[in-house]
Structure formats: C-alpha cells, structure tokens
Amino acid sequence: MRPFPLKQLRLAWHDAGTYNKNIEEWPLRGGANGSLIFEIEIKHAANATLSSQSGFSGLVNALKLLQPIKDKYSGVTYAGLFQLASATAVEEAGGPKIPIKYGRVDVSEPEQCPEEGRLPGKLTVKEEISNSKKKQVW
C-alpha cells in the first residue's frame, strides 16, 4: 500500500479513536470530530507516531493532502473528510467499499480537543484497536 492511504487510514483512526462512550457531552466525548486540525492535538504522543521517522510531519502531510479538497468543498467537515479519505484508501487498496454516513460536526476551537492520553502512544494500529476494545470505549 502506498504511504498516502496508510496515512489517511491512521488519520481517520486517530480522529475517531478518541471516542469515549462514558462521556455524554459533545465534544468532550471525542470521536470523529476533526479535532486533529489543531496543533494541541497533533502534538499528542499517540499522534506523533503517525510518522516515527519525522516527528509530526506524517500527520501534517496527511492533512495537507486533504486541504485542497476541503478548500474546494467548504461545506464538508474535516471529520467527514478524514473518514471519507480512509474509506477511499481501503477501497483503493483492494479492500471492500465502506458505506459512509455524512453529517459529522467539527470542533471549532482547540479547547474542544480530547485530552492527551485517549490513544496510547508508540503502538501499532492493531495494538491501539485491541486496547480500545479492551477498554470498551466505543
């Protein structure tokens, strides 16, 4: 798989993987809410692993690749765009077509980002998903 699809898959997971079903209030409960556009969340330890060789550039580059689409279609939220890019990456890699539901809402300020620690740092995607299932956070 080319690096672009891998980064888009990871971007979508890191945006959605912060969801905590035990927190009722949005956006505090996290989830696919586009919060990765804010520097405070980009700098979370788990997000730094998006590019182990070059610090935050992997995540920043993934965001930059999507920005022209966001600029052209301003009505699309970052949250929706991250998930659409991920589903498209799966399909382009030969995987199944993943149905997408639209209407996700973006957070509007850095203070609405989930706190550090919702995703473990320095783990593989498989380990992250496994740990999240064990915690039953989604």
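Look a little higher up for the structure.
None of the values given here were measured: they were computed from a predicted structure.

Asker: Got a minute to help me understand the pattern of salt bridges in this structure?
Answerer: A pair can form between side chains of opposite charge whenever their charged atoms are brought close. Under the definition given, this model contains two salt bridges. Among the ionic pairs, K43 bridges to E39, the shortest N-O distance being 2.8 Å. The closest approach of N and O atoms between R118 and E115, which form a salt bridge, is 3.0 Å.

Asker: Just checking my understanding: could you explain the packing of aromatic side chains for this structure?
Answerer: What describes a pair of aromatic rings is the distance from one ring centre to the other and the angle between the planes of the rings. For the structure shown, the criterion picks out one aromatic pair. Here the aromatic rings of Y78 and F82 are separated by 6.0 Å at their centres, their planes lie at 50°, and the arrangement is tilted. In this pair, Y78 and F82 are both assigned in helix 5 (residues 78-92), four residues apart and thus about one turn of the helix distant. Each of the two residues, Y78 as well as F82, counts as buried. Positioned above the aromatic ring of Y78, the side-chain terminus of K70 is 5.1 Å from the ring centre.

Asker: I keep staring at a nonpolar patch on the surface and nothing clicks. Help me out?
Answerer: Together, I69, Y73 and V76 line one region of the surface with nonpolar side chains, adding up to about 250 Å² of accessible area. Looking at where I69 falls in the secondary structure, it is placed in helix 4 (residues 57-72).

Definitions and cut-offs
Residues numbered from 1 in each chain as written. Predicted model: local features only at pLDDT ≥ 70, side-chain atom pairs only at ≥ 80, totals over all residues. Heavy atoms only, no water. Salt bridge = Lys/Arg side-chain N within 4 Å of Asp/Glu carboxyl O. Phe/Tyr/Trp six-rings, centres within 6.5 Å; stacked < 30°, edge-to-face > 60°. Helix = DSSP H or I, 4+ residues; strand = E, 2+ residues; numbered from the N terminus. Buried < 20%, exposed > 50% of the residue type's maximum accessible area, 1.4 Å probe, protein only. Lys NZ or Arg CZ within 6 Å of the ring centre and 35° of its normal. Patch = residues over 30% accessible without salt bridge, like charges linked within 9 Å, V, L, I, M, F, W, Y side chains within 5 Å. Areas by Shrake-Rupley, 256 points an atom, 1.4 Å probe, with all protein chains shown as cover.

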